[in-house]
Amino acid sequence: MSNVFSFTGTVGRDAEVRYLPSGQAVLNVTVANNIGFGDKQQTLWVRVALWGKRAEGQLQNYLKKGQQVFVSGELTLREYQANDGSTKTSLELNANILELVGGRNAEGRQSEPQSQRGAKPNQSSSAQQDAGYDNFDAPYDDDIPF
């Protein structure tokens, strides 16, 4: 059996990195996903955790409020006691994949897609072009003879 939950959503507040007493890093971010449509639309909030070396990278600098992300990982339902003594539940996801999707970050600049599946955040655009990607920003020669 497999427990994989994947979705695209919006970062609700800036990500933060914390360290456990064992020294292991964990990046925490809350992501909102709208489900349903019309007047039956609801917002589903999911707490996302990224662990280890991937949490220590530069991804924290890109996960700002309003950024669109794609997340995939193992979903759990956690119960906890609220300050008023009532029992509450929250959805938590241990992320295997956390990728930035288009949209604008807090500074108003177009964000570049980043991935925590092995892509390096500081990879230059020329290196990406050498990897076989098309450069859609380059001038287009539409001198087609027909």
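The preceding data block contains the structure.
Procedures and definitions
- Residues numbered from 1 in each chain as written.
- Predicted model: local features only at pLDDT ≥ 70, side-chain atom pairs only at ≥ 80, totals over all residues.
- Heavy atoms only, no water.
- Helix = DSSP H or I, 4+ residues; strand = E, 2+ residues; numbered from the N terminus.
- Buried < 20%, exposed > 50% of the residue type's maximum accessible area, 1.4 Å probe, protein only.
- Contact = heavy atoms within 4.5 Å.
- Areas by Shrake-Rupley, 256 points an atom, 1.4 Å probe, with all protein chains shown as cover.
- Phe/Tyr/Trp six-rings, centres within 6.5 Å; stacked < 30°, edge-to-face > 60°.
- Salt bridge = Lys/Arg side-chain N within 4 Å of Asp/Glu carboxyl O.
- Polar contact = N/O pair within 3.5 Å; in protein donor to acceptor, adjacent residues only side chain to side chain.
- Pairing = 2+ DSSP bridges.

**What to know about the overall build of the protein**
Phase 1: Looking only at helices and strands, the protein features three helices and six strands.
Phase 2: Listing the helices and strands of the protein from first to last along the sequence gives β-β-β-β-α-α-β-β-α.
Phase 3: Relative to its 146 residues, the protein shows a buried fraction of 27%.
Phase 4: Residue pairs in contact within the protein that sit at least 24 positions apart in sequence constitute 52% of those at least 6 positions apart.
Phase 5: In the form shown here, the protein has an accessible surface area of approximately 10,400 Å², with 48% of it arising from carbon and sulfur atoms.

**Structural notes on the packing of aromatic side chains**
The relation between two aromatic rings is expressed through the spacing of the ring centres and the mutual angle of the planes.
Phase 1: Evaluation of the coordinates by the stated rule reveals one aromatic pair.
Phase 2: Between the aromatic rings of phenylalanine 5 and phenylalanine 7, the centroid separation amounts to 5.2 Å while the plane-to-plane angle is 35 degrees, which identifies the pairing as tilted.
Phase 3: The class of phenylalanine 7 is buried, set by a relative accessible area of 7%.

**As for the pattern of salt bridges**
Phase 1: For the structure on display, the rule yields three salt bridges.
Phase 2: Of the charged contacts in the structure, one is a salt bridge between glutamate 92 and arginine 47, with a shortest N-O distance of 3.6 Å. One end of the pair, glutamate 92, is in strand S6 (residues 87-100); the other, arginine 47, is in strand S4 (residues 42-51), and 45 residues separate them in sequence.
Phase 3: For arginine 78, the salt bridge is made with glutamate 92, and the minimal N-O distance between the two is 2.6 Å. Note that arginine 78 is positioned in strand S5 (residues 68-81) and glutamate 92 in strand S6, a separation of 14 residues in sequence.
Phase 4: Within the structure, one salt-bridge network assembled from shared partners comprises Arg47, Arg78 and Glu92.

**Thoughts on the side chain of glutamine 67**
Phase 1: Note that glutamine 67 resides in the loop between helix H2 (59-62) and S5.
Phase 2: For glutamine 67, a relative accessible area of 1% gives the class buried.
Phase 3: At 2.8 Å, the side chain of glutamine 67 forms a polar contact with the backbone oxygen of valine 101.

**Some details on the pairing of S4**
Phase 1: With ten bridges joining them, strand S3 (residues 25-35) and S4 adopt antiparallel strand pairing. Note on S4: the bridge partner recorded for alanine 32 is tryptophan 45.
Phase 2: Where S3 hands over to S4, the hairpin turn is made up of six residues, of which glycine 36 adopts a positive phi near 80 degrees.
Phase 3: Where S4 lies against S6, four bridges are found, and the strand directions are parallel. Bridging across to S6, alanine 49 finds its partner in asparagine 94.

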